[in-house]
Amino acid sequence: MGGLPSGLVEKVSHILEQAGYPAGQLSLEVTESALMERENDAVATLSQLRDRGIHFSIDDFGTGYSSLAHLQRMPLDELKIDKSFVQACRYLVKDFGTSESPKSTRQRDSRYAPT
């Protein structure tokens, strides 16, 4: 089962306390898929850690669920967008920037199929 590990808040808090490391200096990086596995639990866990001053970033955004709506709920400081997601967005911009509109998704996608 994926998602964030159970007991993460307690483990991280304990490690910080033992090491004498300030929570505000810690930034944790999580993958999009780990957050989306159990989204409500992830939001609660990240919020608890954020309340302690810990910072967060999502790595590889665009390789999984890729929902901007989901990001609004996440207490994040940084978003690392995957290159493949950026490339896909460039294709969308190209489509919207032309006077020609594709007749179907299949027709549009066929323009970008590898040859």
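Please refer to the structure placed before this passage.
Residues numbered from 1 in each chain as written. Predicted model: local features only at pLDDT ≥ 70, side-chain atom pairs only at ≥ 80, totals over all residues. Heavy atoms only, no water.

**Looking at the side chain of serine 57**
Moving on, step 1. Mapped onto the fold, serine 57 is located in strand S2 (residues 55-61).
Moving on, step 2. Owing to a relative accessible area of 2%, serine 57 belongs among the buried residues under this scheme.
Moving on, step 3. Aside from chain neighbours lying at most four places away, what touches serine 57 is Leu28, Glu29, Val30, Glu78 and Lys80. (Helix = DSSP H or I, 4+ residues; strand = E, 2+ residues; numbered from the N terminus. Buried < 20%, exposed > 50% of the residue type's maximum accessible area, 1.4 Å probe, protein only. Contact = heavy atoms within 4.5 Å.)

**What about the pattern of salt bridges?**
Moving on, step 1. Per the counting criterion, the structure on display carries four salt bridges.
Moving on, step 2. With a shortest N-O distance of 3.1 Å, glutamate 39 and arginine 73 are connected by a salt bridge. Pair noted here: glutamate 39 is in helix H3 (residues 39-51) and arginine 73 is in the loop between helix H4 (68-71) and strand S3 (78-81), with a separation of 34 residues, a long-range link.
Moving on, step 3. Taking the relative accessible area as the measure of exposure, arginine 73 reaches 40% and is therefore partly exposed.
Moving on, step 4. Arginine 50 is the partner of aspartate 77 in a salt bridge, and the nearest nitrogen-oxygen pair spans 2.8 Å. Residue aspartate 77 is found in the loop between H4 and S3, and its partner arginine 50 is found in helix H3; the two are separated by 27 residues along the sequence.
Moving on, step 5. Accessibility expressed as a relative area gives 41% for aspartate 77, which makes it partly exposed. (Salt bridge = Lys/Arg side-chain N within 4 Å of Asp/Glu carboxyl O.)

**Describing the environment of arginine 50**
Moving on, step 1. We classify arginine 50 as partly exposed; its relative accessible area is 30%.
Moving on, step 2. Distance in space between the C-alpha atoms of arginine 50 and valine 9 is 9.8 Å, their sequence separation being 41 residues.
Moving on, step 3. If sequence neighbours within four positions are ignored, arginine 50 has contacts with Phe56, Pro75, Leu76 and Asp77.

The values are spatial; any link to function lies outside them.
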